[in-house]
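# Architecture and fold: a report
The lines below spell out each chain.
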Amino acid sequence: MSATQVLVPPPELLAPAGSLAMLRTAFAFGANAVYAGQPRYSLRVRNNDFGDLDALARGIDEAHAAGGKLYVVSNVLPHNAKVHTYLADMAPVIARKPDALIMADPGLIDLVRETWPAMPVHLSVQANTVNFAAVRFWQRLGIRRVILSRELSLDEVAEIRQQCPDIELEVFVHGALCVAYSGRCLLSGYFNHRDPNQGSCTNSCRWGYRLQAAEHDATGDLREAVTLSTGTRGWLLEEKERPGELMPIDEDEHGTYIMNSKDLRAVEHIGRLLEIGVDALKIEGRTKSPYYVARSTQVYRRALDDALAGRPFDPALLGELEGLANRGYTDGFYQRHHEHEKQNYLRGHSESGRSRYVGDVLTWDGQKQRALIEVKNRFSVGDRLEIIHPSGNRQLALNRMHSADGADIRVAPGNGHRVWIPWPAELPGAMLARFV
């Protein structure tokens, strides 16, 4: 596909912002817009700086100064108490001029359309929009953009685009997936009375569970323990309508992770999504770190720019995303009949396959050509490091290191330490990763 074949404006690259640091990082590494939410009315209560209206106002101003946009997430599915307070609480938010509200509840959408008819509303993925008739319904109600369900294939997204040519469509391309249908889960509420649909999900599906051995199951059938490929003892599950299809459950020292979904990674589909004509590509992760935002935004920016220029997909981008903590990757439902497993039964702990985040640059000493690093994870003299910066990444072979007070050392032990290392140039905002 050549650049001249793209007949629609380039898709917006949309990054998560749970803090001002994440917001600034997102724009520095190539995002066109960010989304942030207030804790009371969005589905991310924890790791959220934007309950402070002054912080939200600064975020909106900084986004606009960077030539970007900030969308306020207001996608809670509220009980009556929150409905009563919603308009009064949102009035000062609207006054600060966000670029749109991301909403899911029809009642709250109706209140906003009636009270602030000029405020653009984007329909949240929590509304589970999976067909073109539903998109048309929401369009008639004045919705500006529909964020499509994660449970759609590329072909289904293409049909919705064809049937609904004059409304903005947004899709997720990276981040955590939920074992439930777009987050409509009861586990967290059941275990500790924290409701996912009120913003306080505890990710109960990602907890470790111990299997209790028993001679018989509830039906009286014997279920024998078996030796799995890892050499450990485990159990087989058999669904009653699929006799003979035995599914192993592995358990290691961390427990078993039978409800863990792999993480979404659809960077290889950016070219197809561009051809389909989606309007926005969304990265999930408002509770993640600035490093996560930097790495993911940078990779998807490069994939999108390559596709816009007609260049083929660079498989090296897959490896760069392995440097983020993940639970294994899948492209989700984008390919409906895929040969890879969707569910991560075997590995529940976060894994990094190529590089690991090890520190942030605090200051640069131009006279001695060195940088002071705030250490996040262990690294050592002899390691091959990657400098991650908006101007472009570069590699560094670490041949010496000093403690904060100037002593020669060979190992930066981990979080809480500061070290000096050779550094090629003044690169504000740079982050450091170690190749593994």
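Relevant structure appears above.
Moving on: the overall build of the protein chain. Along its length, the protein chain carries 10 helices and 22 strands. Here the protein chain, with 436 residues, has 50% of them falling under the buried criterion. For the protein chain, the computed accessible surface area is about 20400 Å², with 51% contributed by carbon and sulfur atoms.

A few words now on the environment of Leu152. Tracing the sequence through the fold places Leu152 in the loop between β6 (145–147) and α6 (154–163). Classification of Leu152 by relative accessible area gives buried; the value is 2%.

Turning next to unusual backbone geometry. Although it is not a glycine, Lys97 sits at a positive phi angle of roughly 65°. Tracing the chain through its elements places Lys97 in the loop between α3 (80–95) and β4 (100–103). Given the relative accessible area of 60%, Lys97 is considered exposed. Phi at Asn128 takes a positive value of approximately 55°, unusual for a residue other than glycine. One can find Asn128 in the loop between β5 (121–123) and α5 (132–140). The exposure class assigned to Asn128 is buried, which follows from its relative accessible area of 17%.

What follows concerns helix α2 (residues 53–65). Its 13 residues place the ends of α2 18 Å apart at the C-alpha level, agreeing with the 18 Å of an ideal helix rising 1.5 Å per residue. Along α2, the residues that are buried comprise Ala55, Leu56, Ala57, Gly59, Ile60 and Ala63. Against α1 (20–28), β3 (69–74) and α3 lie the buried residues of α2. Between the side-chain oxygen at the start of α2 and the backbone nitrogen of Asp54 there is a gap of 2.8 Å, and the oxygen is on Asp52.

Interhelical geometry of α5 versus α6 gives an angle of 45° and a closest axis separation of 9 Å. One way to sum up the angle between α5 and α6 is to call them oblique. Between α5 and α6 lies a crossing whose hand is right-handed. Two secondary-structure elements touch here, α5 through Phe132, Val135 and Arg136 and α6 through Glu159, Ile160 and Gln163. Residue composition of the contact of α5 with α6, grouped by class: 3 nonpolar, 1 polar and 2 charged.

Now for the nonpolar core. Of all hydrophobic cores here, the largest spans 91 residues; its most connected members are Leu101, Val146, Leu148, Val171, Val173, Ile270 and Leu281. Here this core gets 10 residues from one element, more than from any other, and that element is helix α9 (residues 290–308). Beyond its immediate sequence surroundings of up to four residues, Val171 is in contact with Leu148, Val157, Leu273, Val278, Ala280, Leu281, Lys282 and Tyr334. Of all hydrophobic cores here, the second largest spans 19 residues; its members include Phe379, Leu396, Leu398 and Trp423.

Take the pairing of β4 next. Here β4 shows two buried faces, one formed by Ala100 and Ile102 and the other by Leu101 and Met103. One ladder, built from 4 bridges, connects β3 with β4; its direction is parallel. Note that in β4 the partner of Val72 across the bridge is Leu101. Handedness of the β3-α3-β4 crossover: right-handed. Here β4 pairs with β5 via 3 bridges, running parallel.

Counting across every chain of the model gives 1 cavity of 30 Å³ or more. Of the pockets and cavities examined, the largest cavity occupies roughly 30 Å³.

On to the packing of α3 against helix α4 (residues 106–115), then. In a packed pair of helices, the relevant descriptors are the angle between the two axes and the axis-to-axis distance. Across the interface, α3 lies against α4 with an axial gap of 11 Å and an inter-helix angle of 25°. When the axis of α3 is compared with that of α4, the two are roughly parallel. Relative to α4, α3 is oriented so that their crossing is right-handed. Along its contact with α3, which presents Val83, Tyr86 and Leu87, the element α4 presents Leu108, Leu111, Val112 and Thr115. Counted by class, the contact of α3 with α4 contains 6 nonpolar, 1 polar and no charged residues.

Judged by pairing direction, the sheet is antiparallel, and its 7 strands sit side by side in the order β18-β17-β22-β14-β15-β21-β19 without closing on themselves. Every other strand in the sheet has two partners, leaving β18 (394–397) and β19 (402–403) as the edge strands with one partner each. In terms of strand pairing, strand β15 (residues 370–375) meets strand β21 (residues 418–422) through 5 bridges, oriented antiparallel. Directly across from Arg370, in β21, lies its bridge partner Pro422.

Rules of the game
- Residues numbered from 1 in each chain as written.
- Predicted model: local features only at pLDDT ≥ 70, side-chain atom pairs only at ≥ 80, totals over all residues.
- Heavy atoms only, no water.
- Helix = DSSP H or I, 4+ residues; strand = E, 2+ residues; numbered from the N terminus.
- Buried < 20%, exposed > 50% of the residue type's maximum accessible area, 1.4 Å probe, protein only.
- Areas by Shrake-Rupley, 256 points an atom, 1.4 Å probe, with all protein chains shown as cover.
- Expected span 1.5 Å × (residues − 1).
- Contact = heavy atoms within 4.5 Å.
- Polar contact = N/O pair within 3.5 Å; in protein donor to acceptor, adjacent residues only side chain to side chain.
- Axes fitted to C-alpha atoms, helices over the stretch in contact; angles between N-to-C directions.
- Parallel < 35°, antiparallel > 145°, perpendicular 65-115°, else oblique.
- Left-handed = near helix turned anticlockwise from the far one by under 90°.
- Nonpolar A, V, L, I, M, F, W, Y, C, P; charged D, E, K, R; others polar.
- Core = buried A, V, L, I, M, F, W, Y, C linked by side-chain atoms within 4.5 Å.
- Pairing = 2+ DSSP bridges.
- Right-handed = clockwise from strand over helix to strand, strands pointing away.
- 1 Å grid on protein atoms, 1.4 Å probe; cavity = no way out; pocket = protein on both sides within 12 Å on 5 of 7 lines; lining within 4 Å.
- Points joined across faces, edges and corners; volume = space filled by probe spheres on them.

In short, shape yes, function no, at least from these values alone.
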